Amino acid sequence: MSKRAIIIGAGLGGLLCARILSRKGLDVTVLEAADVPGGLLHSVDWDGIPCEQGFHSVGGLAPGEALEKIFRPLGLMDLPWYRANVDEGFPFLRLNADSELEKQHILHPYQQSVWRLKGGGDTLANALAEGLDIRYGKCVVSIDNQVITCGDNSSFEADVIIADLPPRQCLKLVKDHIRPSFIHRLDKLETGRPIFTLYCLLEPGCVEWQSGAIFLDGKLMIHFAEPETGILELLCFGEESPEKMLSLARTRLPGLKVTKYRSALFPGYGILKHTGTDYLSAKTPLPYLYLTGQNIGLHGILGTAVSALNTCKSIRL
Ligand SMILES: Cc1cc2nc3c(=O)[nH]c(=O)nc-3n(C[C@H](O)[C@H](O)[C@H](O)COP(=O)(O)OP(=O)(O)OC[C@H]3O[C@@H](n4cnc5c(N)ncnc54)[C@H](O)[C@@H]3O)c2cc1C
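Throughout this description, residue numbers start from 1 for each chain and increase along the sequence as written. The predicted nature of this model means local features are confined to residues of pLDDT at least 70 and side-chain atom pairs, given and counted, to a pLDDT of 80 or more, with totals for whole chains, interfaces and linings taken over all residues. With hydrogens and water set aside, each side-chain value is computed from the structure's full complement of heavy atoms.

*Asks:* Explain the packing of aromatic side chains residue by residue, including any values.
*Replies:* Pairing of aromatic side chains here covers Phe, Tyr and the six-membered ring of Trp, requires ring centres within 6.5 Å, and sorts the geometry by plane angle: under 30 degrees stacked, over 60 edge-to-face, intermediate tilted. Tallying each qualifying case throughout the model produces 3 aromatic pairs. Plain terms: the ring middles of Phe 237 and Tyr 269 are 6.2 Å apart, the flat faces sit at 80 degrees to each other, and that makes the pair edge-to-face. Of this pair, Phe 237 sits in strand 16 (residues 231-237) while Tyr 269 sits in the loop between strand 17 (258-266) and strand 18 (289-291); the two residues are 32 residues apart in sequence, bridging distant segments of the chain. Each residue in the set Phe 55, Phe 71 and Trp 81 is aromatic and connected to the rest through ring pairs, giving one cluster. Working definition: helices are DSSP H or I runs of at least four residues, strands are E runs of at least two. Numbering for both runs from the N terminus.

Next comes the structure, spelled out in structure tokens:
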């Protein structure tokens, strides 16, 4: 009989693990707290306008490049990707230059090629979710001796459990004994700053659509053009005043006229990776429990995809 795997969270990491393990013949179910797939890939609705959360551009999708090698076997290269201006990758050169490993694995692909996707993160999330057994509205509240319980009191038993959650959040759910040194190590890891996003609905034709990065007083602000929806997204680390962000954006886009705006604060890229010791393995002290997602290994679409591959390879079947 095939092994039963339960994946907690239908973010990019969880969905990729589900696809990979299903192809290996495991009986896979994904439990997702929300009522849609994708986590940060999913767009949020603003008066009928889909606004991206954690998906703008990706690097390394040209033939033979890093992300293409992961996405092609999963059929994801059939999606409507298109090549973007290479400047859209530049913000990440500064944002993620924390360690040599990040430079190699995240920055280099952006220098090779930058890509966007018609329909944005939802297109990727829906393609990944297709055909998988995903149970929505299932917020996991405990993991006890291979039994997972959700907030609605439903429970699921599994041979293998993968958590696409921040590791500390995952451990809070675990009722089994975990050696204190592992908990202590997780407690010591630093989490990166949140990302503040200002969604601006532009007056049609006021500026030419353009993405890029602007620096002022050492602070970085990225602007992502979403001409499909008429939205210009301004992103920076930590909360910032919308007026300040808009006046900074006008230094690059002088005719900018914003009809209305709204803001959101996202938890960011998870655990900071300064040195090799900040990189967590997918394995936990519990033989049945594995981690995946942007907190394991590297963040971003590429980083999370590499982590999903590593998680699936780590599983003792
Ligand atoms: C503002 C912003 C912009 C970004 N832009 C880019 C970009 O342009 N390019 C790029 O490469 N990367 C970008 N990223 C990074 C990228 O979005 C993430 O690295 C990646 O999507 C993380 O996926 P994940 O699976 O680790 O986590 P998540 O997407 O957070 O998925 C976790 C899932 O678990 C679910 N969940 C949580 N708790 C429970 C529970 N108890 N029970 C059941 N389900 C649960 C959540 O609902 C969610 O669906 C951006 C990130 C941010 C914040």
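*Asks:* Before we move on, can you summarise helix 5 (residues 120-129) with the specific residues and values?
*Replies:* Buried means the residue's accessible area, taken with a 1.4 Å probe over protein chains only, is under 20% of the maximum for its type, while exposed means over 50%, and partly exposed covers the values in between. Most of helix 5 sits inside the fold, with 8 of its 10 residues counted as buried. Among all positions of helix 5, only Gly 120, Gly 121, Asp 122, Thr 123, Leu 124, Ala 125, Leu 128 and Ala 129 are buried. One or two positions beyond helix 5, positive phi appears at Gly 131, with a value near 80 degrees.

*Asks:* Mind laying out the domain arrangement of the protein chain, listing which residues take part and the relevant values?
*Replies:* Per the domain assignment, the segments making up the protein chain are domain 1 (4-41 + 126-190 + 272-314) and domain 2 (44-120 + 191-266). Residues count as neighbours in contact if any of their non-hydrogen atoms are within 4.5 Å of one another. Counting from both sides, the interface comprises 23 residues of domain 1 and, opposite them, 24 residues of domain 2. Each of two parts loses accessible area, computed with a 1.4 Å probe, when they are put together; buried area is these two losses added. Overall, the association of domain 1 and domain 2 removes approximately 2000 Å² of surface from exposure, summing both partners, and the carbon and sulfur fraction of that is 69%. We define a polar contact as two N or O atoms separated by no more than 3.5 Å, with the added condition that, inside protein, one atom must be a possible hydrogen donor and the other a possible acceptor, whereas residues neighbouring each other in sequence contribute only through side-chain atom pairs. Where domain 1 packs against domain 2, one counts 3 residue pairs in polar contact (both at pLDDT 80 or more). At the level of secondary structure, the elements contributing two or more residues to the side of domain 1 that touches domain 2 comprise helix 1 (12-23), helix 5 and helix 9 (300-314). No other element matches helix 9, which puts 5 residues into the side of domain 1 that touches domain 2. Looking at side-chain class alone, the side of domain 1 that touches domain 2 contains 15 nonpolar, 3 polar and 5 charged residues. Domain boundaries shown here were taken from an automatic or database domain assignment. Three classes are used, and their members are as follows: Ala, Val, Leu, Ile, Met, Phe, Trp, Tyr, Cys and Pro are nonpolar, Asp, Glu, Lys and Arg are charged, and the others, Gly among them, are polar.

*Asks:* A description of the pattern of salt bridges should follow, citing residues and the corresponding values.
*Replies:* Salt bridge criterion: a side-chain nitrogen from Lys or Arg within 4 Å of a carboxyl oxygen from Asp or Glu. For the coordinates displayed, the defined rule picks out 6 salt bridges. Here Lys 260 ties to Asp 47 by a salt bridge, and the two come within 2.9 Å at their closest N and O atoms. Linking Lys 260 in strand 17 with Asp 47 in the loop between strand 3 (44-46) and strand 4 (49-51), this pair joins segments that are 213 residues apart in sequence. The residue Arg 135 makes a salt bridge to Asp 133 at a minimum N-O spacing of 2.8 Å. For Arg 135, a relative accessible area of 31% gives the class partly exposed. Under the relative-accessibility criterion, Asp 133 is labelled partly exposed at 29%.

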